[in-house]
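Close look at the chain arrangement
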Amino acid sequence: MNREEPWRHESFGRAWLRRAVTVPCYSAAALGLLILTPALLPVLLATGVVLRRGLVFVRCLVLANVYFLAELGGILVSGYLWLRHSGWRRSPSEAYLAANFQLQARWARVIFAGARWSFGLRVQVEGTDQVPPGPVIILGRHASPLDNLVPAVFAAARHRLRLRWVINRWLLRDPCLDIVGNRLPNVFVETGSQEPRGQSARVHALASGLREDEGVLIFPEGALFSPGRLARARAKQAESGAPLPVYRHVLPPRGGAVLAALAALPGADVVVCAHRGLDAAADYRSLLSGGLVGREVLIDFRRIARADVPALPEDQLRWLSGVWAELDAWIDAGAEPPQTE
């Protein structure tokens, strides 16, 4: 794969200047946290008792250990893969790309499993059989840092589907996502970019020519859901006078990346990845409050045939708004209990 591919938008030097900071910091955090955990455990346990939070602080410590150790392991394995497969070559081998796809999927599984175990999540899922075959466009709800992992865990890893991600540049602060994510075909976008057409062109290039074992993953909301963001979106909607649905649990979807992917893949179906329950971990404060402990998490994949997607861009925008309105109603009303995974 040529490194001059049109979805790439960053120089080699800039990327490694960032990694010169993030890689040592995350590695030190992993080792330091592991060493300090025996001393921190009784302190956090006592704090939880005093504040009547139970074991929530201990659970957060366990998850932090899993996360940072997954980061450290991913950094080390990524270095090994670079040496083994001559990753410095201008056109990396298929074996090198396949190994990095596999590393990406394993990293996601480890972190999600850590959250599931440490917080006692009861995860139920349905519709994973509707994800393959590709090429497919996956649209995901974005209400928690954990939901970034859901398609990778339940779609990519389970069905060996290679996902190309359209993801926020802010996540480049995570060294594993940065290193491995930039080896693979992914687009890191800037929310509120001054060049939305340029970003759409990169997404179009990313989605073009997908194979039957590939898909492109997009989070149309463009940012984590929060009541504040929803209020601002409603105010902007009122100013524009646009006749859009009134959402309660999701942000109005942005059409740029979705329309670009639809244009690049005129025959691809769409899969909507919905979930309810992970919004209890919307941020670190939510985690520390204990709202995620013992939570029932419902995950649902629903495939939409391309014949049911309008052909014209303006109609596709209305269709996307309607799909997100259905997702909002599903979150609000609940769903039939899926089969436990």
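Read on for an overview of the structure.

Each value, and the rule that gives it
Think of each chain on its own: its residues are numbered from 1, step by step along the sequence as written. Confidence filtering applies because this is a predicted model: local features only for residues at pLDDT of at least 70, side-chain atom pairs given and counted only at 80 or more, and all residues used for totals across whole chains, interfaces and linings. Side-chain measures here rest on the full set of heavy atoms in the structure, leaving out hydrogens and waters. One requirement defines pairing of two strands: DSSP has to find at least two bridges between them. Elements are defined by DSSP. Helices are runs of H or I of four residues or more, strands are runs of E of two residues or more, and each kind is numbered from the N terminus. Throughout, an axis means a line fitted to C-alpha atoms (over the contacting stretch in the case of helices), and angles, computed between N-to-C directions, take values from 0 to 180 degrees. The contact definition used throughout considers only heavy atoms, calling two residues in contact when any of these lie within 4.5 Å. Just so you know how the angles are binned, under 35 degrees is roughly parallel, over 145 roughly antiparallel, 65 to 115 roughly perpendicular, and the rest oblique. Here the term charged refers only to Asp, Glu, Lys and Arg, the term nonpolar to Ala, Val, Leu, Ile, Met, Phe, Trp, Tyr, Cys and Pro, and the term polar to all other amino acids, Gly among them. Two joining distances apply to patches: 9 Å for like charges and 5 Å for nonpolar side chains (Val, Leu, Ile, Met, Phe, Trp, Tyr), and every residue must have over 30% relative accessible area and no salt bridge. Residue-level accessible areas treat just the shown protein chains as cover; the underlying method is Shrake-Rupley with a 1.4 Å probe. What counts as a salt bridge is simple: a side-chain nitrogen of Lys or Arg found within 4 Å of a carboxyl oxygen of Asp or Glu. Stacked, tilted and edge-to-face are the three classes applied to pairs of Phe, Tyr and Trp rings, where Trp contributes its six-membered ring and a pair requires centres within 6.5 Å; stacked means planes under 30 degrees apart, edge-to-face means over 60, and tilted covers the rest. Each residue is assigned to one of three classes by its accessible area relative to the maximum for its type, calculated with a 1.4 Å probe on protein chains only: buried under 20%, partly exposed between the two thresholds, exposed over 50%. To sit over a ring, a charge needs its Lys NZ or Arg CZ within 6 Å of the ring centre and within 35 degrees of the ring normal. To qualify as a nonpolar core, a set must consist of buried Ala, Val, Leu, Ile, Met, Phe, Trp, Tyr and Cys residues joined through side-chain atoms within 4.5 Å. Neither His nor the chain ends is counted toward charge; the positive residues are Lys and Arg and the negative residues Asp and Glu. Here a polar contact is taken to be a pair of N or O atoms separated by no more than 3.5 Å, where protein atoms must pair a possible hydrogen donor with a possible acceptor and residues adjacent in sequence count only if both atoms sit in side chains. One less than the number of residues in a helix, times 1.5 Å, gives the span that helix is expected to have.

Here's the deal with the sheet that holds strand E6 (residues 269-276)
Across a sheet, strands are paired by hydrogen bonds formed along the backbone, either parallel or antiparallel in direction. Spatial strand order, E1-E7-E6-E2-E5-E3-E4: 7 strands in an open sheet with mixed pairing. Of all strands in the sheet, those bounded by a partner on one side alone are strand E1 (122-126) and strand E4 (187-189). Averaged over all neighbouring strand pairs, the angle between strand axes comes to 20°, with direction disregarded. Pairing geometry for strand E3 (residues 162-168) and strand E5 (residues 214-218), over 5 bridges, is parallel. By the bridge assignment for E5, Arg162 is matched with Glu214. Against the sheet, helix H8 (residues 256-264) contacts strand E2 (136-140), E3, E5 and E6, and its axis sits at roughly 160° relative to E5. Set on the sheet, helix H10 (residues 313-333) makes contact with E2, E6 and strand E7 (296-304); between it and E6 the angle comes to about 30°.

Some points on the packing of helix H2 (residues 56-84) against helix H3 (residues 94-118)
Interaxial distance between H2 and H3 falls to 9 Å at its minimum, and their mutual angle equals 170°. Judged by the angle between their axes, H2 and H3 are roughly antiparallel. Residues Arg59, Val62, Leu63, Val66, Tyr67, Ala70, Glu71, Gly74, Val77, Ser78, Leu81 and Trp82 of H2 form the contact with H3, whose own contacting residues are Tyr96, Ala99, Asn100, Leu103, Trp107, Val110, Ile111, Gly114, Ala115, Trp117 and Ser118. Along the lines of polarity and charge, the residues of the contact of H2 with H3 split into 16 nonpolar, 5 polar and 2 charged.

Some thoughts on a nonpolar patch on the surface
On the surface, Leu31, Ile35, Leu36 and Leu40 cluster together into a nonpolar patch covering about 380 Å² of accessible area. With respect to the helices and strands, the residue Leu40 is situated in helix H1 (residues 12-50).

Some points on the packing of aromatic side chains
Taken as a whole and assessed by the stated rule, the structure comprises 5 aromatic pairs. Pairing Tyr26 with Phe68 gives two aromatic rings, centres 5.5 Å apart and planes at 50°, and the pair type is tilted. With Tyr26 in helix H1 and Phe68 in helix H2, this residue pair connects regions lying 42 residues apart in the sequence. A ring pair is formed by Trp82 and Trp88, whose centres lie 5.0 Å apart and whose planes are at 70°; its orientation type is edge-to-face. Trp82 sits in the partly exposed class, given a relative accessible area of 36%. If you follow Arg19 out to its NZ or CZ, it ends over the ring of Trp16, 4.6 Å from the centre.

Comments concerning the nonpolar core
Membership of the largest hydrophobic core comes to 49 residues, with the highest contact counts inside it found for Ile138, Phe154 and Phe301. In this structure Ile138 touches Val131, Ala155, Leu161, Leu163, Val216, Leu217, Ile218, Val271 and Cys273, once residues within four positions along its chain are discounted. Ranked by size, the runner-up nonpolar core spans 38 residues in total, among them Leu230, Tyr247, Leu251 and Leu262.

Notes on the environment of Val136
Topologically, Val136 is positioned in strand E2. Sequence separation between Val136 and Phe154 is 18 residues; the distance between their C-alpha atoms is 15 Å. Excluding residues within four positions of it along the chain, Val136 makes contact with Val131, Leu161, Leu210, Glu214, Gly215, Val216, Ala268, Asp269, Val271 and Arg303.

Regarding H8
Here H8 lies mainly inside the structure; 7 of its 9 residues are buried. Among all positions of H8, only Ala257, Val258, Leu259, Ala260, Ala261, Leu262 and Ala264 are buried.

Here's the deal with the side chain of Asp147
Structurally, the position occupied by Asp147 is in the loop between E2 and helix H4 (150-159). Salt bridges are absent for the buried Asp147, whose nearest opposite-charge side chain, Arg141, sits at 5.9 Å. Within the structure, the side chain of Asp147 is placed 2.8 Å from the side chain of His142, a separation counted as a polar contact. A polar atom in the side chain of Asp147 sits 3.0 Å from the side chain of His275.

Considering the pattern of salt bridges
Under the defined criterion, the tally for this structure stands at 11 salt bridges. Its salt-bridge partner being Asp279, residue Arg141 comes within 3.6 Å of it at the nearest N-O pair. Highlighted residues: Arg141 in the loop between E2 and H4 and Asp279 in the loop between E6 and helix H9 (284-289), separated in sequence by 138 residues. The class for Arg141 is buried, based on a relative accessible area of 2%.

Section: H2
Its 29 residues place the ends of H2 41 Å apart at the C-alpha level, agreeing with the 42 Å of an ideal helix rising 1.5 Å per residue. At the C-terminal side of H2, Ser86 shows a positive phi close to 50°.

Section: unusual backbone geometry
A cis amide bond links Pro132 to the next residue, Pro133, at an omega of 0°. In this structure, Pro133 sits in the loop between E1 and E2. Not every positive phi belongs to a glycine, and Arg52 is a case in point at roughly 60°. One can find Arg52 in the loop between H1 and H2. You will see that Ser86, though not glycine, has its phi angle at about 50°, which is positive. Relative to the assigned elements, Ser86 resides in the loop between H2 and H3. Exposure remark for Ser86: the relative accessible area of 22% places this residue in the partly exposed category.

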